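# Descriptive analysis of the structure
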Amino acid sequence: MLNRIIIMGRLTRDPELRHTQTGTPVASFTLAVDRDFKDRNTGEKGTDFIDVVAWRQTAEFVSRFFTKGRMAVAEGRLQIRDWTDKEGGKRRSAEIIADNIYFGDSKRDAENGGGYASSGSGYSNGYSSAPAPAAAPSYNTAPGSDQFSDLSDDDPDLPF
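Residues numbered from 1 in each chain as written. Predicted model: local features only at pLDDT ≥ 70, side-chain atom pairs only at ≥ 80, totals over all residues. Heavy atoms only, no water.

## Examining the confidence of the model for the protein chain
Operational definition: Per-residue confidence from the prediction method is given by pLDDT, with values spanning 0 to 100. For this analysis, residues touch if any pair of their heavy atoms sits within 4.5 Å.
With 66% of its residues at a pLDDT of 70 or more, the protein chain has an overall mean of 78. Scored below 50 in pLDDT, residues 115-141 shows 47 contacts in the model against residues more than four places distant or in partner chains.

Encoded structure:
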């Protein structure tokens, strides 16, 4: 069986960090995830609000570095819970149990009002940061440049 899910969205509120009776950290938060299509009548994209739960180091990481409005990528499994509300009614809710949480934006984007840039600079489960991706090199592909050369059709070393 396979139960893997990856979503990307903005936090609707600051993560709530709690501890179990045995001291295990658990953080809960909600991600607002835009749909890929627009409503036929309104022309606007819908949004799903998906609950996410993180445990242990991941919970501490989320509560320390994420705030309302930050773009986050959550990777984990989907879990369905059945429960009874205060009036005795049967309820069901779905949530993601996150194994990894990554920044979906850069720190600069978050400080400047949360632009929609998606750098994907994968931070997860720890406090060390990965280096920012370098800018893509630009190549001069004009005829006569020494970066690339034309291949002849009769190269005997090519397998095709």
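## Some remarks on the packing of aromatic side chains
We apply this condition: Note on ring pairs: Phe, Tyr and Trp rings are taken, using the six-membered ring of Trp, and paired if centres are within 6.5 Å. Classes follow the plane angle, with under 30 degrees stacked, over 60 edge-to-face and the rest tilted. Relative accessibility decides the category of a residue: with a 1.4 Å probe and only protein chains considered, values under 20% of the type maximum give buried, values over 50% give exposed, and everything between is partly exposed. Note on conventions: DSSP H or I runs of at least 4 residues are helices, E runs of at least 2 residues are strands, and numbering of each starts at the N terminus.
According to the stated counting rule, one finds four aromatic pairs in the structure shown. Plain terms: the ring middles of Phe61 and Phe66 are 5.8 Å apart, the flat faces sit at 75° to each other, and that makes the pair edge-to-face. When sorted by exposure, Phe61 lands in the same class as Phe66, which is buried. Taken together, a centroid distance of 4.5 Å and an interplanar angle of 20° make the contact between Phe66 and Phe103 stacked. Of this pair, Phe66 sits in the loop between α1 (56-65) and β5 (71-84) while Phe103 sits in strand β6 (residues 90-103), placing them 37 residues apart in sequence.

## Describing the environment of Lys38
Turning to its location among the elements, Lys38 is positioned in strand β3 (residues 25-38). Lys38 sits in the exposed class, given a relative accessible area of 57%. Other than its neighbours up to four places away in sequence, Lys38 contacts Gly43, Glu44 and Lys45.

## What to know about the nonpolar core
For soluble globular proteins, the rule of thumb is that nonpolar side chains tend to be buried together. Put simply, the rule reads: We define a nonpolar core as any set of buried Ala, Val, Leu, Ile, Met, Phe, Trp, Tyr and Cys residues linked to one another through side-chain atoms lying within 4.5 Å.
Core analysis: the biggest nonpolar cluster contains 18 residues, and Ile7, Phe29, Leu31, Val52, Phe66 and Ile101 have the highest contact counts within it. Breaking this core down by element, the ones donating at least two residues are β1 (5-11), β3, β4 (45-55), α1, β5 and β6. In this view, Val52 contacts Ile7, Ala27, Ser28, Phe29, Leu31, Ala74, Ile96, Ala98 and Ile101; residues no more than four positions away in its chain are not counted.

## Regarding the pairing of strand β2 (residues 16-19)
Spelled out, the test is: Pairing between strands is defined by DSSP: at least two bridges between them are needed.
Two strands pair when backbone bridges link them, and β2 and β3 are joined in this way by four bridges, in the antiparallel orientation. The residue bridging His19 from the neighbouring strand is Pro25, located in β3. What sits between the antiparallel neighbours β2 and β3 is a turn of five residues, in which Gly23 has the positive phi angle 95°.

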